[in-house]
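Chain by chain, the residues:
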Amino acid sequence: MAGPSNKRAHRDNFRSSTAKNGVVQLPRKRFYRQRAHANPFSDHQLIYPSSPEEMDWSAHYPEFAENAATAQSSTPPKMKKDVEIVDIGCGFGGLLVALAPLMPQTLMLGLEIRSNVAQFVQERIWALRSQNPGGPYQNAACLRANSMKFMPNFFKKGQLSKVFICFPDPHFKVRKHKARIVSTTLNSEYAYVMRPGGMVYTITDVEALHEWMVEHLDAHPAFERVPEEEEKSDECVGIMLKETEEGKKVERNKGPKFVALFRRLEDPPW
């Protein structure tokens with residue numbers, strides 16, 4: 001009796017059969033399905049730089065890399081811009097795809113720990129670039145990475161202007177709370193890689209998790225909560241509410257969405 005179908009074979013067949021006139025077609029989610037959550041404490045087979053200076057971003061943002069002559073040295077090619085926006089646990093990339101055309105000169109990156117899902121986002125962006133030559137989406141990319149372990153390996157101190165944490169794993173059981181993406185320790189890492197004035201955007205449909213994130217970010221001396229009026233006027237909030245896959249699912253189910261924004265404060269004069 002034949003075994004279960006091979007997702008990789010189906011993906012390869014789809015890619016080869018749908019390429020038309022040299023334009024790559026958008027991938028289909030059904031070939032990239034994976035468990036909703038991954039254990040962040042597992043030793044996944046991940047590739048990451050030893051320091052931000054060792055990271056080669058040119059393969060992810062070729063339009064923003066310096067000319068090829070600089071790539072002949074042992075150091076990575078220089079970039080015209082640094083990554084400024086990060087979507088932690090980007091899922092299937094809805095937020096990235098919506099934000100990229102609005103900020104075409106700002107490099108943004110999705111970090112996703114699940115291998116199949118990260119591959120889907122990468123192929124989605126490559127397809128959009130192919131369909132829009134010279135147009136938007138050159139500034140978006142996705143990496144498979146564990147944000148809880150390796151954020152400082154990718155980003156320099158004060159590099160990021162926006163960090164999105166959209167519908168993270170609630171980890172309902174108390175013994176699992178240590179795996180939540182917002183915590184006292186991790187908030188210090190976010191503070192390290194963010195510039196003063198930068199914003200942390202959080203959204204969830206779980207009220208208890210919303211209260212947890214607000215409590216822990218409020219308690220951190222590097223962050224202050226943004227007033228509700230300012231929150232509502234931020235165009236990124238509207239996109240976060242409507243364009244993420246989880247946000248759309250909550251909308252269909254007529255569920256609640258809890259949003260909180262936090263601003264990175266200036267460091268005190270030590």
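Remember, predicted model here, so these are calculated numbers, not experimental data. (Residues numbered from 1 in each chain as written. Predicted model: local features only at pLDDT ≥ 70, side-chain atom pairs only at ≥ 80, totals over all residues. Heavy atoms only, no water.)

Chemist: Just checking my understanding: could you explain the state of the cysteines for this structure?
Modeler: Following the criterion strictly, the structure yields zero disulfides and no others. Summary of cysteine pairing: Cys142 is not part of a disulfide, and the nearest cysteine sulfur, belonging to Cys90, is at 3.9 Å. (Disulfide = S-S within 2.5 Å.)

Chemist: Would you take a moment to explain the nonpolar core for this structure?
Modeler: The nonpolar side chains of a soluble globular protein tend to be buried with one another. Core analysis: the biggest nonpolar cluster contains 42 residues, and Trp57 and Phe155 have the highest contact counts within it. The element best represented in this core is helix H6 (residues 207-219), accounting for five residues. Residues in contact with Phe155, not counting those within four places in the same chain, are Pro52, Trp57, Val83, Val86, Leu109, Leu111, Leu160, Tyr192 and Val193. Leu99, Val117, Leu128 and Cys236 belong to the second largest nonpolar core, which has 34 residues in total. (Core = buried A, V, L, I, M, F, W, Y, C linked by side-chain atoms within 4.5 Å. Buried < 20%, exposed > 50% of the residue type's maximum accessible area, 1.4 Å probe, protein only. Helix = DSSP H or I, 4+ residues; strand = E, 2+ residues; numbered from the N terminus. Contact = heavy atoms within 4.5 Å.)

Chemist: Even after reading the chapter, I still don't get a negative patch on the surface, so can you show me in this structure?
Modeler: Taken together, Glu207, Glu211, Glu215 and Asp218 make up a surface patch of like negative charges. Within the element layout of this structure, Glu207 appears in helix H6. (Patch = residues over 30% accessible without salt bridge, like charges linked within 9 Å, V, L, I, M, F, W, Y side chains within 5 Å. Areas by Shrake-Rupley, 256 points an atom, 1.4 Å probe, with all protein chains shown as cover. Salt bridge = Lys/Arg side-chain N within 4 Å of Asp/Glu carboxyl O. Lys, Arg positive; Asp, Glu negative; His and termini not counted. Charge placed at Lys NZ, Arg CZ, Asp CG, Glu CD.)

Chemist: Mind showing me how you'd approach the pattern of salt bridges here?
Modeler: In a structure, side chains of opposite charge can pair up when their charged atoms sit close to one another. A complete count under the given rule lists eleven salt bridges for this structure. Between Arg124 and Glu245 there is a salt bridge, with its nearest N and O atoms 3.3 Å apart. In this pair, Arg124 is assigned in helix H3 (residues 115-131) and Glu245 in helix H9 (residues 245-252), connecting sequence segments 121 residues apart. Under the relative-accessibility criterion, Arg124 is labelled buried at 19%. For Lys249, the salt bridge is made with Glu246, and the minimal N-O distance between the two is 3.4 Å. Residue Lys249 and its partner Glu246 are both found in helix H9; the two are separated by three residues, about one turn of the helix. Classification of Lys249 by relative accessible area gives partly exposed; the value is 37%. Judged by relative accessible area, which is 34%, Glu246 ranks as partly exposed. Each member of the salt-bridge network shares a partner with another, and the members are Lys157, Arg264 and Asp267.

Chemist: Even after reading the chapter, I still don't get the environment of Ala222, so can you show me in this structure?
Modeler: Tracing the chain through its elements places Ala222 in the loop between H6 and strand E6 (223-225). Here the alpha-carbon distance between Ala222 and Tyr190, two residues 32 residues apart in the chain, equals 9.4 Å. Sequence-distant contacts of Ala222, that is, excluding residues within four places in its chain, are made with Ala191, Arg263, Arg264 and Leu265.

Chemist: So what exactly am I meant to see when it comes to the packing of helix H4 (residues 147-154) against helix H5 (residues 184-193) here?
Modeler: Between two packed helices, both the angle of their axes relative to each other and the distance between the axes serve to describe the pair. Close contact between H4 and H5 brings their axes to 10 Å; oriented N to C, the two are set at 20°. Considered as vectors, H4 and H5 are oriented roughly parallel to each other. Crossing handedness for the pair H4 and H5: left-handed. Here Met148, Met151 and Pro152 of H4 come into contact with H5, specifically with Leu186, Glu189, Tyr190 and Val193. Within the contact of H4 with H5, the residues separate by chemical class into six nonpolar, no polar and one charged. (Axes fitted to C-alpha atoms, helices over the stretch in contact; angles between N-to-C directions. Parallel < 35°, antiparallel > 145°, perpendicular 65-115°, else oblique. Left-handed = near helix turned anticlockwise from the far one by under 90°. Nonpolar A, V, L, I, M, F, W, Y, C, P; charged D, E, K, R; others polar.)

Chemist: Looking at this structure, I do not really get the UniProt feature "active site" (unreviewed entry) in the protein. What am I missing?
Modeler: The sites that UniProt annotates as "active site" (unreviewed entry) are Asp169. For Asp169, the location among the structural elements is in the loop between strand E4 (160-166) and H5. The partly exposed category is assigned to Asp169, whose relative accessible area is 21%. Among the polar contacts listed, one links the side chain of Asp169 to the backbone nitrogen of His171, at a separation of 3.0 Å. (UniProt positions renumbered as here; feature names shortened; annotations may be inferred. Polar contact = N/O pair within 3.5 Å; in protein donor to acceptor, adjacent residues only side chain to side chain.)

Chemist: I keep staring at unusual backbone geometry and nothing clicks. Help me out?
Modeler: Most peptide bonds adopt trans geometry, and most residues besides glycine take a negative phi value. Phi is positive for Tyr137, close to 80°, though the residue is something other than glycine. Secondary-structure assignment places Tyr137 in the loop between H3 and strand E3 (140-144). With a phi angle near 45°, His171 is a residue other than glycine that sits in the positive phi range. Within the secondary structure layout, His171 lies in the loop between E4 and H5. Owing to a relative accessible area of 13%, His171 belongs among the buried residues under this scheme.

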